Amino acid sequence: MQRIRLVALLGTALAVIAGSTMTATTANSAPPPRLRHLEPGGQPKLVEKLPVNVVLVGYQAGQVDPQQLRAGLPASSRPVVRSRLSYGVTEELGLTYQYDYRVTTTSKQYQDRFFAQLSKLARPAALTKFQQDYNAQDRNVRTIDKSVAIDAPTVERWLANNPPPGVDTARNTVFLINWFGRADFKYHVYTKTNEPDPDTGYNFGTQRDSRKIVAWGGTTAKDEEDGLGRTRRVWFHDLSAGPDASSGSWNVDDADLDGDDEADYRIPVAWEYTAGGFRTPSELTGDLAKLVRYVALDLLFTSSPLYPVELPPSTPSDTVNLDSNTYEGWPGVDASTDYIDKKLVVSELSELAWRNRFSYDSQDLPFTGDAKRCYELLLANKSCYPELGYPAFANLFLQNTKELARTQDDQGKVDYELPIFNYAVPPELDTPALGFADDNYQDGTQSYVFNFLNESIISSGYGLTTTIIHETGHHLGLSHPHDGYDSTSGADFGPSGATYFAWLGDYSNTMMSYIDLNWDFSQFDRDNMDRFQTAARNEAANDLAARALAAPRAERAHDELRRADLLLGLAKNALARHDYSAAYALASQTYSVVEEGARQAGVDVDAYIDDTRKATAAERHRAKAHPSGALVDTLEPGGPRSLP
């Protein structure tokens with residue numbers, strides 16, 4: 001939604017409130033206000049009936065059973081804070097999604113138009129390494145002789161602008177495509193090649209066969225390279241494309257792909273659903289249901305946040321300082337200048353968390369003393385403060401906590417100072433990861449962002465900019481599009497074992513994936529973040545409302561609580577019509593009005609916020625060992641980001 005429309009909506013909301021029949025009551029005589037939407041001291045109760053379009057394109061009669069497909073999909077879901085799960089805590093957001101499925105089988109006329117478009121876009125291309133590896137398998141049912149490449153964003157745009165009758169692509173839409181079996185079929189892969197790394201210029205889309213893809217979607221209206229012009233919510237998966245690297249569809253011989261001694265469930269290419277193939281034809285519908293449930297719903301459309309979106313102060317943060325500190329340990333290299341594009345970092349994060357006002361501070365630190373000692377001990381898997389009982393993985397967290405005062409220089413100037421620590425190390429020194437967003441080792445709240453750079457990382461195509469954006473995206477709350485939470489089963493899952501095919505979620509236009517084809521946050525990321533924040537502001541308003549009602553002069557807050565209740569009702573209405581930015585803005589306004597009422601009631605709101613922050617800081621210094629729930633983004637050999 002355009003900002004001018006949002007401002008107008010807020011103005012209308014306030015006019016409704018101003019013109020309501022609420023009357024002020026005299027002190028000491030007013031009964032508690034009757035509230036319909038605020039739940040003082042309670043959890044939000046936000047419900048969205050969410051349309052989900054599932055569009056079958058190219059599947060022949062009898063191949064897919066729409067009724068069976070629906071039966072394999074969840075009726076509803078409730079997202080949770082995933083980092084809390086490793087601490088034994090299931091923390092719901094107060095959001096409930098009630099799915100409204102609409103399964104559409106496209107006509108022959110529509111299919112002819114679409115596949116003619118694919119043929120028009122197809123460009124001759126050499127077989128990828130993974131198509132060749134498929135050919136070299138013992139159990140493959142076909143041999144790929146030649147292939148073409150098709151631009152994925154162009155296909156997404158065509159589908160977004162040319163849906164079949166009755167399908168609104170402004171709502172979440174999955175296109176399930178199968179070209180195989182038609183006379184005009186061509187072996188093919190999809191590509192995206194127009195966003196090289198901003199620091200190194202390395203183009204993963206052109207230089208890595210592992211970045212040839214079989215699915216795509218989530219591009220925003222105003223994406224700088226491939227904007228759709230209007231807000232659309234499309235993700236397509238082509239069963240007849242590939243085989244590809246990440247999802248493992250190239251391998252039909254081996255049960256275990258990642259070496260963990262567990263069979264890895266993958267979605268094979270279309271022609272492998274045959275007698276004597278990798279999977280029987282009767283299993284196709286169930287696989288497509290798994291794809292919609294675990295990838296489209298759990299990972300893209302209605303994901304769960306990795307960390308609490310309230311951020312460590314646990315109260316709404318409007319101003320956020322990105323406090324970037326670089327340990328300059330690589331002789332002759334100025335990493336903070338040469339490998340961090342500050343403007344791009346702020347720009348991309350501002351598009352995701354659009355109501356936050358981001359600032360950026362940068363300082364260089366010497367890679368000496370405890371900083372170097374704890375780093376090297378981490379590489380050796382030894383704790384640098386063994387007396388505290390923390391694991392070696394906590395070395396950087398502990399060392400930077402010990403010395404945090406030298407980096408935190410915006411206290412009192414912003415709502416939240418987000419700690420970022422970059423390590424540029426000499427060529428002879430390894431790195432523990434590409435980056436990771438750590439938690440606090442006590443309750444799963446996010447703590448610091450760590451990013452790494454050495455000669456090997458640069459030669460692999462990465463600077464620091466994209467890693468900072470990715471890891472800060474985690475810190476703000478986003479999960480990867482290949483790991484998440486399934487509300488129906490209560491399982492937190494990743495791309496291994498029974499859900500190995502979750503790697504397919506990476507084939508979307510999000511900074512949070514591992515395929516490195518773009519540096520933006522997807523439409524799905526933005527939708528989810530707006531909904532997460534709507535719930536967070538609602539919960540904060542509920543908490544402060546309870547404090548206001550318990551205050552000595554509670555009656556002075558009654559009018560504000562009534563106004564806030566109306567605003568929250570408008571936020572719920574906006575959520576119900578899928579206007580997520582308006583819902584977030586109205587929930588923020590709700591909190592502001594409750595805060596105003598709490599102050600009038602005698603609540604020292606500033607002290608309340610300050611006490612919350614002090615309690616958070618105290619937690620960081622408590623010597624309580626617990627394994628981190630952080631997701632570590634690596635360049636390990638054989639890992640998805642290291643594939644050729």
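Thresholds, definitions, all that
Residues numbered from 1 in each chain as written. Predicted model: local features only at pLDDT ≥ 70, side-chain atom pairs only at ≥ 80, totals over all residues. Heavy atoms only, no water. Helix = DSSP H or I, 4+ residues; strand = E, 2+ residues; numbered from the N terminus. Expected span 1.5 Å × (residues − 1). Buried < 20%, exposed > 50% of the residue type's maximum accessible area, 1.4 Å probe, protein only. Phe/Tyr/Trp six-rings, centres within 6.5 Å; stacked < 30°, edge-to-face > 60°. Core = buried A, V, L, I, M, F, W, Y, C linked by side-chain atoms within 4.5 Å. Contact = heavy atoms within 4.5 Å. Pairing = 2+ DSSP bridges. Axes fitted to C-alpha atoms, helices over the stretch in contact; angles between N-to-C directions. Parallel < 35°, antiparallel > 145°, perpendicular 65-115°, else oblique. Left-handed = near helix turned anticlockwise from the far one by under 90°. Disulfide = S-S within 2.5 Å.

1. Concerning helix α14 (residues 465–476)
Under the 1.5 Å per step criterion, the end-to-end length of α14 is 16 Å for twelve residues, consistent within 8% with the ideal 16 Å. Counting buried positions along α14 yields twelve of twelve residues, so the element is predominantly enclosed. The complete set of buried residues in α14 reads Thr 465, Thr 466, Thr 467, Ile 468, Ile 469, His 470, Glu 471, Thr 472, Gly 473, His 474, His 475 and Leu 476. Directly after α14, the chain includes Gly 477, whose backbone phi takes a positive value near 135 degrees.

2. Examining the packing of aromatic side chains
Applying the stated criterion across every chain yields a total of 38 aromatic pairs. Aromatic side chains Phe 114 and Trp 158 sit 5.6 Å apart centroid to centroid with 50 degrees between the ring planes, which places their arrangement in the tilted category. Of the two residues, Phe 114 sits in helix α4 (residues 108–121) while Trp 158 sits in helix α6 (residues 152–161), which places them 44 residues apart along the sequence. The same class applies to Phe 114 and to Trp 158, which are both buried. Ring geometry for Tyr 423 against Phe 452: centres 5.6 Å apart, planes inclined by 25 degrees, an arrangement best described as stacked.

3. Looking at the nonpolar core
With 172 residues, the main nonpolar core has Leu 159, Trp 235, Leu 322 and Tyr 423 as its most contacted residues. Here this core takes twelve residues from helix α8 (residues 284–301), the largest share from any one element. Apart from residues no more than four positions distant in its own chain, Leu 322 is found in contact with Val 345, Val 346, Leu 349, Phe 358, Ser 359, Tyr 360, Asp 361, Leu 418, Ile 420 and Thr 472.

4. Quick notes on the sheet that holds strand β17 (residues 632–633)
Read across the sheet, six strands follow the order β11-β10-β12-β14-β13-β17 without closing on themselves; strand pairing throughout is mixed. Each end of this open sheet is capped by a strand with a single partner; those strands are β11 (357–366) and β17. As paired strands, strand β10 (residues 319–328) and strand β12 (residues 416–424) are joined by nine bridges and run parallel to one another. Counted as the bridge partner of Leu 322 is Leu 418 from β12. Against the sheet, helix α10 (residues 342–352) contacts β10 and β11, and its axis sits at roughly 140 degrees relative to β11. In the packing of helix α12 (residues 395–402) onto the sheet, contacts are made with β10, β12, β13 (435–439) and β14 (446–453), and the angle to β14 comes to roughly 110 degrees.

5. Details of the packing of α4 against α6
One can describe the packing of α4 onto α6 by two numbers: an axis separation of 11 Å at closest approach and a directional angle of 155 degrees. Classified by the angle their axes make, α4 and α6 are roughly antiparallel. The two elements α4 and α6 meet at a crossing, and its hand is right-handed. Every residue of α6 that contacts α4 at Tyr 110, Arg 113, Phe 114, Gln 117, Leu 118 and Leu 121 is listed here: Thr 154, Val 155, Trp 158 and Leu 159.

6. Regarding the state of the cysteines
Across all of its chains, the model carries one disulfide by this definition. Each sulfur of the disulfide joining Cys 374 and Cys 384 lies 2.3 Å from the other. Across the S-S bond of Cys 374 and Cys 384 the torsion is about 95 degrees, and the bridge reads as right-handed. Within this pair, whereas Cys 374 is found in helix α11 (residues 369–379), its partner Cys 384 is found in the loop between α11 and α12, the two being separated by ten residues in sequence. Summarising the burial analysis for this pair, Cys 374 and Cys 384 share the class buried.

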